[in-house]
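Topology and contacts: notes
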Amino acid sequence: MTALLLLTWLAIALLFLALGATVRSLRLLRARVDRHATEFAATRTAMRIAGTGTARIVLAADSGCPLCGAVAERLSRLADRLPAPLSLMTYEQADAWAGRIDTDRLPVVSDPVSWQEIAHLSPPVLLLVAADGEVQRLFLPVDVAGVDRVLNEWSLAMNRGVEADAVHAGTDSVR
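Going along each chain's sequence as written, the residues are numbered from 1 onward. Local features are withheld for residues below a pLDDT of 70 in this predicted model, meaning they are given only at 70 or higher, and side-chain atom pairs are given and counted only at 80 or more; totals for whole chains, interfaces and linings count all residues. Note that the side-chain values use all heavy atoms of the structure and ignore hydrogens as well as water.

The patches described consist of residues with a relative accessible area above 30% and no salt bridge, like charges being joined within 9 Å and nonpolar side chains (Val, Leu, Ile, Met, Phe, Trp, Tyr) within 5 Å. Here the accessible surface of atoms and residues is derived via Shrake-Rupley with a 1.4 Å probe, and residues count as covered only by protein chains that are part of the display. One speaks of a salt bridge when a side-chain nitrogen belonging to Lys or Arg is within 4 Å of a carboxyl oxygen belonging to Asp or Glu. A cluster of nonpolar side chains, contributed by Leu7, Leu10, Leu14, Phe16 and Leu17, occupies part of the molecular surface with about 580 Å² of accessible area. Along the chain, Leu7 turns up in helix H1 (residues 2–35). In DSSP terms, a helix is any run of H or I states spanning at least four residues, a strand is any run of E spanning at least two, and both are numbered starting from the N terminus.

Turning our attention to unusual backbone geometry. For the bond running from Pro123 to Pro124, omega is 5 degrees, close enough to zero to count as cis. Mapped onto the secondary structure, Pro124 falls in the loop between helix H3 (112–118) and strand E4 (125–129).

With respect to the helices, strands and loops of the structure, Val135 is situated in strand E5 (residues 135–139). Overall, the relative accessible area of 0% leaves Val135 in the buried class. Residue exposure (1.4 Å probe, protein chains only): buried if accessible area is under 20% of the type maximum, exposed if over 50%, otherwise partly exposed.

Inspection of the entire model under this criterion finds three salt bridges. For Arg105, the salt bridge identified is with Asp80, shortest N-O distance 2.8 Å. One end of the pair, Arg105, is in the loop between strand E2 (86–90) and strand E3 (108–110); the other, Asp80, is in the loop between helix H2 (66–78) and E2, with 25 residues separating them in the sequence. For Asp80, a relative accessible area of 65% puts it in the exposed group.

In structure tokens, the structure reads:
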């Protein structure tokens, strides 16, 4: 009985040490990723949506998605403070968003063709689009706070006159 109890406690101690080693490894990996974040950016793809002649920020959203609605409401409130025009792109009829957001501040564009370019991504998708329609940056928000952070980074870079390509923090490069 005593031997079994001793063996049980020894096994618990070994499991505790193994868990500690795993947590330490995760911390080291996280520190390495944080230190070298730009090395972990994705490479650019040939992602292109309809060009408008001006750089803009596009939210690709679905009216049935609760997070899409929250992000769209946030963007419509921030529209006057951003350095680039905003639009909401959807595959649905534009009137699906009527009454949910201020469409004067966040115009809704129904564009099923451009939607197909990003259909493999889960909405909402925030895009920084060049004047010719080339997607410079994209962000897949998981909450509204992430949208605020990314818009702030993109706005700072655009206000300084830095090309959208130079904005790295918090977003995936699609170069």
